[in-house]
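Here is how the chains run, residue by residue.
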Amino acid sequence: MSVNFRDASDLPVKESYDVVIVGAGISGIGAAYHMQRECKDQSFVVLEMQDTFGGTWNTHRYPGVRSDSDLYTFGYEFKPWTGAPIASGKEILDYLGEVISENDLQQRIRYGHKINGAHWSSQENRWTLDVERSDGETFAVSSRFLWMCQGYYRHSEGYLPRWNGDETFEGQIIHPQNWPQDLDLTNKRVVVIGSGATAASLIPAIADTCQHVTLLQRSPGYYRTGRNLNELADSLRQLEIDEAWIHEIVRRRVLFDQHALAKRTFKDPDGVQAELLAGVAAFVRDPADMTSHFTPDYRPWSQRILFVPDGDLFKTIASGKASVKTDQIECFTASGVQLQSGELLQADVVVAATGFNLNVMGDALFTIDGEPLDFARTVTYRGMMFTGVPNFVWVFGYFRAAWTMRVDLISKFVCRLLIHMNKIEAARVTPTLREEDRDMPLSPWISPDNFNPGYLNRSIHLLPKSGNRPPWENKQDYWVEKDEFPNIDLCEPALLYEGRKEKQRSDLSSARLVKPQAIREGNVQ
């Protein structure tokens, strides 16, 4: 039975392209660069919901916002980074703006264009997008290929849990994702709930203004400390090495060190933990505080390890301008936060640095030949395409390496795929389970034993499934994929091509015929 939705065919088709890229953040800008460079004969456009580029770096405007990955790997491979490894949000936006300007990408981007729906027609072999512009006009945009670069969380609102009594609190409760630009924290008592990257960067930025800041966490996380510089890069600059060479050399060094650390977290987790804790202990005066507030009870890299440049968070705590409480919230009162231990944290402002609301494909409604598409009932092809979904790629970056490393790998693959499709005159390509995959065990998008931040734990049921064999695994491993992706066989049986000269199917049911037993029975661990 077909789902009822506002039929995009009833809307005027304002524009038609070979490729539509959704999102003008770091993924979409990277995709546009590669499209323009490698697929010169194909038309494309970038549709961005916000009023400017930047994605995450435009959404997050709280004080102190900065990268938690070094910019030698977070930056693009084609655009050297020349500043300090950890950059502010403004510096990253400036960098992205330079990429757009230097490559004349501004003509490709349409701002204020929200995708409410995406509808595939096998008869036409095209996607039709239901687009709503910021001025209220709605229309359709048609494309042969859809490249989703909008990220993985809801930009309009962060994850804000409800606490008992929070409606009685007489101060402000704000989420950093919706930071009021006119917020005045002068002499205010501030409680920051959460211990992730947002809290770690926000607290040093506001502590001098506030009367006091309290970091309230349920449990400790891991931190790395060090100077915000790269000695290898600085040494190469002293030798007057070209910046492009410096970027590539330092990038490889950083990636090598990251890979070595990630491997050690599995082989020698206790040793890695001891090293990380020693770095924090250099700033924390009281050994009891190390035990209570800075010693996690999980393996390093089960969640992100936060880099604290120059130890600024810990210096702020040591100065007395900020403090840490590790406890559970019992309830809110009119004057603050009541903890389960019985302590009351007096507060004028509570900042809920409680994470993201994960969403899938920007919360847009997807259909294939009129049937609703549930991505959770698909199996991923190499963590970027999905069974039964034609001419479609989603960019989802790395957890343990910079997001952008995967942007570059996927972009090169997509361009190679588009060129191949033109060469063989294929109208569509659909990842399709092979006969031998019928009884393949399925797992979540990523195993909770591997990586388990709160936003994934809350919403992983919404994401596609991962298989236990190539090419159905979501490996999340740059050091494997950097060699695999350039050598993906575009003619492998898992990629089903259908050409314009072939007899068209009325739908894609045959392409989805082989379903693993686990999905058919709804039994996915």
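It should be noted that the structure appears before, not after, this text.
All values derive from a computational prediction rather than experimental measurement.

Parameters and conventions
Residues numbered from 1 in each chain as written. Predicted model: local features only at pLDDT ≥ 70, side-chain atom pairs only at ≥ 80, totals over all residues. Heavy atoms only, no water. Salt bridge = Lys/Arg side-chain N within 4 Å of Asp/Glu carboxyl O. Helix = DSSP H or I, 4+ residues; strand = E, 2+ residues; numbered from the N terminus. Buried < 20%, exposed > 50% of the residue type's maximum accessible area, 1.4 Å probe, protein only. Expected span 1.5 Å × (residues − 1). Contact = heavy atoms within 4.5 Å. Patch = residues over 30% accessible without salt bridge, like charges linked within 9 Å, V, L, I, M, F, W, Y side chains within 5 Å. Areas by Shrake-Rupley, 256 points an atom, 1.4 Å probe, with all protein chains shown as cover. Phe/Tyr/Trp six-rings, centres within 6.5 Å; stacked < 30°, edge-to-face > 60°. Lys NZ or Arg CZ within 6 Å of the ring centre and 35° of its normal. Right-handed = clockwise from strand over helix to strand, strands pointing away. Pairing = 2+ DSSP bridges. Core = buried A, V, L, I, M, F, W, Y, C linked by side-chain atoms within 4.5 Å. 1 Å grid on protein atoms, 1.4 Å probe; cavity = no way out; pocket = protein on both sides within 12 Å on 5 of 7 lines; lining within 4 Å. Points joined across faces, edges and corners; volume = space filled by probe spheres on them. Nonpolar A, V, L, I, M, F, W, Y, C, P; charged D, E, K, R; others polar.

Draft legend 1. Here's a closer look at the pattern of salt bridges. Counted by the stated rule, this structure contains 34 salt bridges. The residue R237 makes a salt bridge to D234 at a minimum N-O spacing of 3.7 Å. With R237 and D234 both in helix 6 (residues 231-238) and three residues apart, the pair spans about one turn of that helix. Residue R237 is classed as partly exposed on the basis of its relative accessible area, which comes to 23%. The class of D234 is partly exposed, set by a relative accessible area of 34%. One network of salt bridges, in which partners are shared, links R382, E473, K475, E484 and E492.

Draft legend 2. Geometry of helix 4 (residues 89-102). Relative to the 20 Å expected for 14 residues at 1.5 Å per residue, helix 4 spans 20 Å between its end C-alpha atoms, a close match to the ideal helical length. Among all positions of helix 4, only G89, I92, L93, Y95, L96, G97, V99 and I100 are buried. Structurally, helix 4 contributes buried residues whose contacts are with helix 1 (26-38), helix 2 (56-59), helix 3 (71-74) and strand 3 (109-110). Of the residues flanking the end of helix 4, it is D104, one or two places downstream, whose phi is positive at about 55 degrees.

Draft legend 3. Local environment of a nonpolar patch on the surface. Taken together, the side chains of L232, W245 and I249 define a hydrophobic patch exposed on the protein surface, amounting to about 310 Å² of accessible area. With respect to the element layout, W245 can be found in helix 7 (residues 243-267).

Draft legend 4. Representation of the packing of aromatic side chains in the model. Taken as a whole and assessed by the stated rule, the structure comprises 34 aromatic pairs. For the ring pair Y153 and F356, a centre distance of 4.2 Å and an interplane angle of 15 degrees mean the geometry is stacked. A residue pair is termed long-range when its members are at least 10 positions apart, and Y153 in the loop between strand 6 (138-148) and strand 7 (172-174) and F356 in the loop between strand 16 (349-352) and strand 17 (365-368) qualify at 203 residues. Directly above the aromatic system of F139 lies the positively charged group of K14, at a separation of 4.8 Å from the ring centroid. Positioned above the aromatic ring of Y159 is the side chain of R458, whose terminal nitrogen or guanidinium carbon lies 3.5 Å from the ring centre.

Draft legend 5. Looking closely at the pairing of strand 2 (residues 44-47). The alternating pattern of strand 2 places F44 and V46 on one face and V45 and L47 on the opposite face, and all of these are buried. Handedness of the crossover joining strand 1 (residues 13-22) and strand 2 through helix 1 is recorded here as right-handed. Summarising the sheet, strand 2 and strand 3 pair through two bridges and their orientation is parallel. Bridge pairing in strand 3 links V46 to I109.

Draft legend 6. Just the nonpolar core, in detail. The biggest cluster of nonpolar side chains holds 147 residues, and the ones touching the most others in it are I21, L129, L146, W147, F366, F392 and W394. Ranked by the residues each element gives to this core, the list is headed by helix 11 (residues 403-424), at 11 residues. Discounting chain neighbours no more than four positions away, the residues touching I21 are G28, A31, A32, M35, F44, V45, V46, L47, W147 and C149. V191, V337, L339 and V350 belong to the second-largest nonpolar core, a separate cluster that totals 13 residues.

Draft legend 7. Expanded view of unusual backbone geometry. The omega angle of the peptide bond from P470 to P471 is 0 degrees, so this bond is cis rather than trans. Following the sequence through the fold, P471 ends up in the loop between helix 12 (454-459) and helix 13 (478-484). In this model, W301 sits at a positive phi of 75 degrees, which is unusual for a non-glycine residue. Here W301 is to be found in the loop between helix 9 (287-293) and strand 11 (306-309). Judged by its relative accessible area of 8%, W301 falls in the buried class. The backbone of M361 sits at a positive phi, close to 55 degrees, despite the residue not being glycine. By secondary structure assignment, the location of M361 is in the loop between strand 16 and strand 17.

Draft legend 8. Focus on the layout of surface pockets. Of the pockets and cavities examined, the second largest pocket occupies roughly 690 Å³. For the second largest pocket, the lining is made up of 26 residues, of which D70, R224, V254, Q258 and F307 are closest to its centre. Of all the secondary structure elements, the ones that give two or more residues to the lining of the second largest pocket are strand 10 (223-226), helix 6 and helix 7. Per-element accounting of the lining of the second largest pocket gives the leading share, five residues, to helix 7. By residue class, the composition of the lining of the second largest pocket is 11 nonpolar, six polar and nine charged.

Geometric values such as these leave the question of function open.
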